[in-house]
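Residue-level structure breakdown
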Amino acid sequence: AVVSTQSTGGTDVFYGHDNRYESTERLHIKVSTKACSFGKGVVEKTQTVTPVATDGRLIYDVDKSPLCDYLISFIYKLKDLPGAILMNNVLENFTILQHVTDVDTGETLLCVACMFEVSETNESQYSIYRLVGH
C-alpha cells in the first residue's frame, strides 16, 4: 500500500477498486468482497455483474466500485500511525477476500485473498493468493 499521498479526504478524492473477469461462456456472476480483521469479516459488499461481449470473449467489469465508509476510515487511521513498521503490524491482521460465484448454480468460480504491506517507496506492495479447494 502506498501511504505517502497527502489527501485529507476532500470531495476530490475517490477510494474504490476495479476488477475484471473474462469467460468464454455467459454466466450470471456475483462478486463478494469482504474485509477481514483478525480472521473475522467486518464488512462485505456484494455485486452482480453482467458481461459485455468483446472479441469473442465475455468481459465482466467491476469498474470504479467505491469503498465503504469503514474502509475509508481504516485507510485514514492507518495513515495516522507513526511509521511503516506499526502500519505493517496492523496490516498483518487485515485481509480482503473476494469470492466470485455463478449465481445460477452456486458454484465458486474464483476465490482470492489480498494482503497488503506499507511501502517505504511510492511502489505498491501487496500479495494476491488464489485459494483452491480440495
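Look a little higher up for the structure.
Now for a description of the structure that goes with this document. Predicted model, so just to flag it, every value in this text is computed and none were measured.

Let's shift gears to the overall build of the chain. When its secondary structure is counted, the chain shows two helices and eight strands. Starting at the N terminus and walking to the C terminus, you meet the elements of the chain as β-β-β-β-β-α-α-β-β-β. Counting every position in the chain, which comprises 134 residues, the buried fraction comes to 30%. Of the contacts formed within the chain by residues at least 6 apart in sequence, a portion of 55% connects residues at least 24 apart. In the form shown here, the chain has an accessible surface area of approximately 9,000 Å², with 53% of it arising from carbon and sulfur atoms.

Spatially, three strands are ordered 1-5-4 in an open sheet, and the strand pairing comes out antiparallel. Every interior strand has two partners, whereas the edge strands, strand 1 (16–23) and strand 4 (52–54), have only one. Strand-to-strand twist of the sheet, defined as the mean angle between neighbouring strand axes without regard to direction, takes the value 30 degrees.

In this section: the packing of helix 1 (residues 69–79) against helix 2 (residues 84–91). Interaxial distance between helix 1 and helix 2 falls to 9 Å at its minimum, and their mutual angle equals 145 degrees. Listed contacts from helix 2 to Phe74, Leu78 and Lys79 of helix 1 are Met87, Val90 and Leu91. By residue class, the composition of the contact of helix 1 with helix 2 is five nonpolar, no polar and one charged.

This brings us to helix 2. Buried within helix 2 are the following residues: Ala84, Met87, Asn88 and Leu91. The arc that holds the buried residues of helix 2, viewed along the axis, is 100 degrees, so those residues lie on one side. Its buried side turned inward, helix 2 meets helix 1, strand 6 (94–102) and strand 7 (108–117).

Charged atoms that come close allow side chains of opposite charge to pair. Counted by the stated rule, this structure contains two salt bridges. Between Arg20 and Asp61 there is a salt bridge, and its shortest N-O distance comes to 2.9 Å. Taken as a pair, Arg20 in strand 1 and Asp61 in strand 5 (residues 57–66) lie far apart in primary sequence, 41 residues in all. The class of Arg20 is exposed, set by a relative accessible area of 54%. A salt bridge links Glu22 to Arg57; the nearest nitrogen and oxygen atoms lie 2.8 Å apart. Here Arg57 lies in strand 5 and Glu22 lies in strand 1, a separation of 35 residues in the sequence. Under the relative-accessibility criterion, Glu22 is labelled partly exposed at 47%. Judged by its relative accessible area of 33%, Arg57 falls in the partly exposed class.

The next subject is the side chain of Gln98. Along the chain, Gln98 falls in strand 6. Within the structure, the side chain of Gln98 is placed 2.4 Å from the side chain of Asn19, a separation counted as a polar contact. Separated by 3.0 Å, the side chains of Gln98 and Tyr21 make a polar contact.

Reading the values: the criteria
- Residues numbered from 1 in each chain as written.
- Predicted model: local features only at pLDDT ≥ 70, side-chain atom pairs only at ≥ 80, totals over all residues.
- Heavy atoms only, no water.
- Helix = DSSP H or I, 4+ residues; strand = E, 2+ residues; numbered from the N terminus.
- Buried < 20%, exposed > 50% of the residue type's maximum accessible area, 1.4 Å probe, protein only.
- Contact = heavy atoms within 4.5 Å.
- Areas by Shrake-Rupley, 256 points an atom, 1.4 Å probe, with all protein chains shown as cover.
- Pairing = 2+ DSSP bridges.
- Axes fitted to C-alpha atoms, helices over the stretch in contact; angles between N-to-C directions.
- Nonpolar A, V, L, I, M, F, W, Y, C, P; charged D, E, K, R; others polar.
- Arc of directions from axis to C-beta.
- Salt bridge = Lys/Arg side-chain N within 4 Å of Asp/Glu carboxyl O.
- Polar contact = N/O pair within 3.5 Å; in protein donor to acceptor, adjacent residues only side chain to side chain.

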